Amino acid sequence: MKDLDLVEIKNRILEAGEIIKKNICPKDITEKTNKHDLVTNVDKEVEIFFRKKINDNYPEDGIIAEEKMGKKATSMKNRVWILDPIDGTANFIFERKNFAIMLGIYEDNKPIYGAIYDVMNEELWEGKTSLGVFVNGKKYELNKNLSLDDGIIELSSVMLTGHRNEKFYNLINKSRGFRVRGACSIEAIYVFKGLATSAVHTLAKAWDVAAVDVIAKELGLISKSIDGGNFDFLDDELPSIVAFPKAYDEIMKILKK
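Residue numbers restart at each chain and count upward from 1, following the sequence in its written direction. At least 70 in pLDDT is required for a residue's local features to be given in this predicted model, at least 80 for side-chain atom pairs to be given and counted, and no such filter applies to totals for whole chains, interfaces and linings, which use all residues. Processing note: side-chain calculations cover all non-hydrogen atoms of the structure and skip hydrogens and water entirely.

Chemist: Could you give me a rundown of the overall build of the protein chain, with the residues and numbers involved?
Modeler: Each helix is a run of DSSP H or I of at least 4 residues and each strand a run of E of at least 2, with the numbering of both proceeding from the N terminus. Looking only at helices and strands, the protein chain has 8 helices and 14 strands in total. Computation of the radius of gyration draws on C-alpha atoms alone. For the globule rule, the value is 2.2 Å times the number of residues to the power 0.38. What you see for the protein chain is a C-alpha radius of gyration of 17 Å, in line with the 18 Å of a compact globule of 257 residues. Considered along the principal axes of its C-alpha atoms, the protein chain spans approximately 50 × 40 × 35 Å. Residue burial is assigned from relative accessible area. The probe radius is 1.4 Å, only protein chains are included, and a residue is buried under 20% of its type maximum, exposed over 50%, and partly exposed in between. Counting all 257 residues of the protein chain, 52% fall into the buried class. Using the Shrake-Rupley algorithm and a 1.4 Å probe, accessible areas are obtained, with residue cover drawn only from the displayed protein chains. Summed over all atoms, the accessible surface of the protein chain reaches about 12,200 Å², with 47% contributed by carbon and sulfur. Here the protein chain holds 38 positive side-chain charges and 41 negative ones, and the gap between their average locations is 3 Å. For the purpose of charge, His is not counted, nor are the chain termini; Lys and Arg are scored as positive and Asp and Glu as negative. Charge positions are represented by NZ for Lys, CZ for Arg, CG for Asp and CD for Glu.

Here is the structure:
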């Protein structure tokens, strides 16, 4: 199995960002499962771009990607790339900002590399296992441990509309407020920067979680399934939490009541 060239991977992520910026007004917008679940020609183009680069350079590696423009890995053995070509597609369509490229790379189900690229802000977060986190190539460290009372919590909209679970309202009441940003990537970045105490999602997928998981753990944050377990990236649904340790303990007490 060929060794990863992380510099080359970084360059390809930046190149994909340029593809998106050049197509900031997508020509084709379609619904997948409902009117809230959208895909554009640009999502597909970016996924195909990555698939070709991976297949050309790392032909033995597996791929799990949101738009399913090729074969999906059926095992986490060996090396697997987990990709969301545009996380926050609705934001991309309607706001033309607050979306990101997300890429996580795992080998034998162990994290190697995670990247989140906030395209319009040109901010690339990279997590490299045992090496730390880098923002636009500069080492980044987070020296905080926030409780829920120390700030806001990031939530997915379905937690307040579809589920209407009293426990989620208790999370809000315990915190200083909440935000719904419409992209797991952007919400995670707020946590990485210490601008939010946590981000909780009940309908996350593998491609929403994989990159976040690598970066969060390198920063000393907690990244877990909402039931407190580890992630199985082959599952269809991956309810997730990324949080400061203090906030995580408080979230779990509320959710387990």
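Okay, back to it.
Chemist: For the pairing of strand β3 (residues 62-65), give the residues involved together with the corresponding values.
Modeler: Residues Gly62 and Ile64 of β3 are buried on one face, and the alternating residues Ile63 and Ala65, pointing to the opposite face, are buried as well. In this analysis, strands are considered paired if DSSP registers two or more bridges between them. One ladder, built from 4 bridges, connects β3 with strand β4 (residues 79-87); its direction is parallel. Among the inter-strand pairings, Ile64 is bridged to a residue of β4, identified as Ile82.

Chemist: Can you lay out the packing of helix α5 (residues 166-174) against helix α8 (residues 245-256) for me, pointing to particular residues and giving the numbers?
Modeler: Lines fitted to C-alpha atoms define the axes here, with helix axes fitted over just the stretch in contact, and angles between the N-to-C directions of these axes take values from 0 to 180 degrees. Two numbers describe how α5 lies on α8: the axes approach to 9 Å, and their chain directions differ by 145 degrees. α8 is crossed by α5, and the crossing has right-handed handedness. Contact with α5, carried on its side by Lys167, Phe168, Asn170, Leu171 and Lys174, involves Glu250, Ile251, Ile254 and Leu255 of α8 and no other residues of that element. Each residue is assigned to one class: nonpolar for Ala, Val, Leu, Ile, Met, Phe, Trp, Tyr, Cys and Pro, charged for Asp, Glu, Lys and Arg, and polar for all the others, Gly among them. Within the contact of α5 with α8, the residues separate by chemical class into 5 nonpolar, 1 polar and 3 charged. Crossing handedness follows the turn of the near helix against the far one: under a right angle anticlockwise gives a left-handed crossing, and clockwise gives a right-handed one. Throughout, a contact is declared for two residues whenever any of their heavy atoms are within 4.5 Å.

Chemist: I'd like a rundown of the sheet that holds strand β5 (residues 100-107), residues and numbers included.
Modeler: Read from one edge to the other, the open sheet built from 7 strands follows the order β3-β4-β5-β6-β7-β8-β9, with strand pairing classed as mixed. Each edge of the open sheet carries a strand with a single partner, namely β3 and β9 (138-140). The mean inter-strand angle of the sheet, taken between neighbouring strand axes irrespective of direction, is 20 degrees. Of the pairings in the sheet, the one linking strand β8 (residues 132-135) to β9 comprises 3 bridges and is antiparallel in character. Its bridge partner being in β9, Val135 is matched across the sheet by Lys138. Relative to strand β6 (residues 110-118), helix α1 (residues 6-22) is tilted by about 30 degrees, and along the sheet it contacts β4, β5, β6 and β7 (123-128). Against the sheet, helix α6 (residues 184-192) makes contact with β4, β5, β6, β7 and β9, and its axis sits at roughly 100 degrees relative to β6, the strand it touches most.

Chemist: Break down the sheet that holds strand β13 (residues 222-225) for me, with residues and values.
Modeler: Within the open sheet, the 5 strands sit side by side as β11-β10-β12-β14-β13. Their pairing is mixed. Of all the strands in the sheet, the pair left with one neighbour each is β11 (178-179) and β13. Its contacts with the sheet place α8 against β10 (153-155), β12 (198-201), β13 and β14 (240-243), and it is angled at close to 145 degrees to β14.

Chemist: Explain the packing of aromatic side chains to me, using residue names and the numbers behind them.
Modeler: Working definition: rings of Phe, Tyr and Trp (its six-membered ring) pair if their centres are within 6.5 Å, and the pair is stacked with planes under 30 degrees apart, edge-to-face with planes over 60 apart, and tilted otherwise. Using the criterion set out here, one finds 7 aromatic pairs in the structure. Aromatic side chains Phe49 and Phe50 sit 5.5 Å apart centroid to centroid with 80 degrees between the ring planes, which places their arrangement in the edge-to-face category. Accessibility classification places Phe49 together with Phe50 in one group, the buried group. When the ring of Trp125 is compared with that of Phe192, the centres are 5.5 Å apart and the planes differ by 45 degrees; the resulting orientation is tilted. With Trp125 in strand β7 and Phe192 in helix α6, this pair connects stretches of sequence that are 67 residues apart.

Chemist: Tell me what's going on with the environment of Lys44, and back it up with residues and numbers.
Modeler: Turning to its location among the elements, Lys44 is positioned in helix α2 (residues 41-57). Residue Lys44 is classed as partly exposed on the basis of its relative accessible area of 30%. Taking C-alpha positions, Lys44 is 24 Å from Leu4, a pair spaced 40 residues apart along the chain. Those residues in contact with Lys44, other than ones at most four positions away along the chain, are Val39 and Met69.

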